[in-house]
Amino acid sequence: MVLVDVAAISKSYAGAGGKRIFVTDAVTFSIERGETLGLVGESGSGKSTVARILLGLIEPDAGKVFFDGLAVTGASGAEMRRLRRRMQPVFQDPFAALNPRMRVAEIVTEPLTIYRREAGVDGSRTGLRRQASELMRAVGLDESALGRYPHEFSGGQRQRINIARALALRPELLILDEPVSALDVSVGAQVVNLLRDLQREFHLTYLFISHSMPLVRYLSTNIAVMRNGKLVEIGRCEDICNHPSDEYTKSLLAATPAMA
């Protein structure tokens, strides 16, 4: 069953001489519930713009985005509020995404506080503490982390805290925008393995955005290759990796070895 349906979205800005420069150009794809679509391409290819459009943070110039049959593009404020409970982002920089003045307990339960009425959560201090502890365990951190501040953690631990916050509302879709590119290779591999485990545990669907073909190959069910705002190739992971048809895809595969 299709959870995300992206139909010919385009986004452009005015360049020199009034010429329109397309960041995304008629991008079309869908994501089945429970699967991972890996969106791969070099920096500046338009991947993050696609993520922002899916999250309703910016409107495309043309095209439509649907989440579980509901329109994201053109949605009202109230409609987007309901949709955002069901889709959550995890961004590239694990430190910038965390409020340095908030303790971890406040950070991971902030979505529960904001959406208390809609989510029907136990908003008592005891209830929030219990849910925060469960989220810490889910991402491999100890409950003792809840009383500490972001600067007291390593980059990998901060990203685990970001993931815990994203899971707080039990979303159906996580949009993972270069979630390990700011981390050391070994730490990034641990976070990617965590994401695989969480997908099974929480029955999640992923849009995994990366410039790294090995990471995308390791995590994804399907792969979409993006270059200069366009999708140049899309298909099942094994088909794209074993029988690429586009020269750019071939160059990405040739440039980096597969993960063990």
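Coordinates for the structure precede this section.
These remarks concern the structure in this document. The shown structure was predicted, so the numbers you read here are calculated from the model rather than taken from an experiment.

Of the regular secondary structure elements, the chain holds 10 helices and 10 strands. Compactness check: the chain gives a C-alpha radius of gyration of 19 Å against a globular reference of 18 Å for 260 residues, within 12% of the reference. Counting contacts in the chain only where the partners sit at least 6 residues apart, residues at least 24 apart contribute 66% of the total. Working note: accessible area of the chain is about 12200 Å², and carbon and sulfur atoms make up 49% of it. Each charge class in the chain can be summarised by its mean position, and for the 32 positive and 29 negative side chains these summaries are 5 Å apart.

In this section: empty space enclosed by the protein. Here the structure, examined in full by the defined rule, presents 1 cavity of 30 Å³ or more. Here the largest cavity defines a volume of roughly 30 Å³. Around the largest cavity sit Val-4, Leu-54, Val-65, Phe-66, Phe-67, Val-72, Met-87 and Leu-173, which together line it. Considering every element that reaches the lining of the largest cavity, the biggest residue donor is strand E4 (residues 62-67), with 3 residues.

This part is about the layout of surface pockets. Any empty space left between atoms is shown by rolling a water-sized probe over those atoms. By volume, the largest pocket amounts to about 390 Å³. Along its surface, the largest pocket is lined by 17 residues, and Gln-88, Pro-89, Phe-91, Pro-111 and Arg-165 are the ones closest to its centre. Counting residues per element, the ones that place at least two in the lining of the largest pocket are strand E6 (87-90), helix H3 (104-114) and helix H6 (155-167). In terms of residue count, the dominant contributor to the lining of the largest pocket is E6 (4 residues). Split into classes, the residues belonging to the lining of the largest pocket amount to 12 nonpolar, 2 polar and 3 charged. When its volume is computed, the second largest pocket comes out at roughly 260 Å³. Lining of the second largest pocket is provided by 17 residues; of these, Val-180, Leu-183, Val-185, Ser-212 and Leu-215 occupy positions nearest its centre. Taken together, the elements giving at least two residues each to the lining of the second largest pocket come down to helix H7 (185-202), strand E8 (205-210) and helix H8 (213-219). Here the lining of the second largest pocket is composed, by residue class, of 10 nonpolar, 5 polar and 2 charged.

Our next topic: the pattern of salt bridges. One pass over the structure, following the stated rule, counts 12 salt bridges. Note that Glu-35 is salt-bridged to Arg-236, the shortest N-O span being 3.4 Å. Placement of Glu-35 in the loop between strand E2 (20-32) and strand E3 (36-40) and of Arg-236 in strand E10 (residues 230-236) is noted, with a sequence separation of 201 residues between them. Here Glu-35 falls in the buried class, since its relative accessible area comes to 17%. For Arg-236, a relative accessible area of 35% translates into the label partly exposed. Taken together, the salt bridges that share partners define one network made up of Arg-33, Asp-68, Arg-86 and Glu-172.

Locating Arg-165 in the fold gives a position in helix H6. Although Arg-165 lies buried, it forms no salt bridge, and the closest oppositely charged side chain, Glu-110, sits 4.6 Å away as judged by the N-O distance. Side chain to side chain, Arg-165 and Asn-162 meet in a polar contact 2.9 Å long.

All right, on to the sheet that holds E2 then. Spatially, E2-E1-E4-E5 is the arrangement adopted by the 4 strands of the open sheet, whose pairing is antiparallel. Looking along the sheet, the strands with just one partner apiece sit at the ends: E2 and strand E5 (70-71). As judged from the 9 bridges shared by strand E1 (residues 2-14) and E2, these two strands associate in the antiparallel manner. Residue pairing for E2: Ile-9 is matched across the bridge by Val-27.

Rules and cut-offs
For every chain, the first residue of its written sequence is number 1, and the numbers climb from 1 along that sequence. The model is predicted, so local features are restricted to residues of pLDDT at least 70 and side-chain atom pairs to those at 80 or more, both for listing and for counting; the totals for chains, interfaces and linings are taken over all residues. Side-chain figures throughout are based on the complete set of non-hydrogen atoms in the structure, without hydrogens or water. Counting from the N terminus, the helices are the DSSP runs of H or I reaching at least four residues and the strands are the DSSP runs of E reaching at least two. Based on C-alpha atoms, the radius of gyration is set beside the globule rule, defined as 2.2 Å times the residue count to the power 0.38. Whether two residues are in contact is decided by their heavy atoms, any of which lying within 4.5 Å being enough. The Shrake-Rupley method, run with a 1.4 Å probe, gives the accessible areas here. Residue values count only the displayed protein chains as cover. Charge assignment: positive for Lys and Arg, negative for Asp and Glu; neither His nor the chain ends contribute. Charged side chains are reduced to one point each, which is NZ for Lys, CZ for Arg, CG for Asp and CD for Glu. Cavities and pockets were defined on a 1 Å grid built from protein atoms only: a cavity is a group of points that admits a 1.4 Å probe but offers it no way out, a pocket is an open group of points flanked by protein on both sides within 12 Å along at least five of seven lines, and a lining residue is one with an atom within 4 Å of any such point. Grid points are joined across faces, edges and corners, and a volume is the space filled by probe spheres set on the points. Lys, Arg, Asp and Glu make up the charged group, whereas Ala, Val, Leu, Ile, Met, Phe, Trp, Tyr, Cys and Pro make up the nonpolar group; the residues left over, Gly among them, are polar. We define a salt bridge as a contact between a side-chain nitrogen of Lys or Arg and a carboxyl oxygen of Asp or Glu at a distance within 4 Å. Buried, partly exposed and exposed residues are distinguished by accessible area as a fraction of the type maximum, computed with a 1.4 Å probe on protein chains only: under 20%, between the cut-offs, and over 50%, respectively. Two N or O atoms form a polar contact when they lie within 3.5 Å of each other; inside protein one atom must be a possible hydrogen donor and the other a possible acceptor, and for residues adjacent in sequence the pair counts only when both atoms belong to side chains. Here, strands pair whenever DSSP counts at least two bridges between them.

Read these as layout, nothing more, since geometry by itself doesn't imply function.
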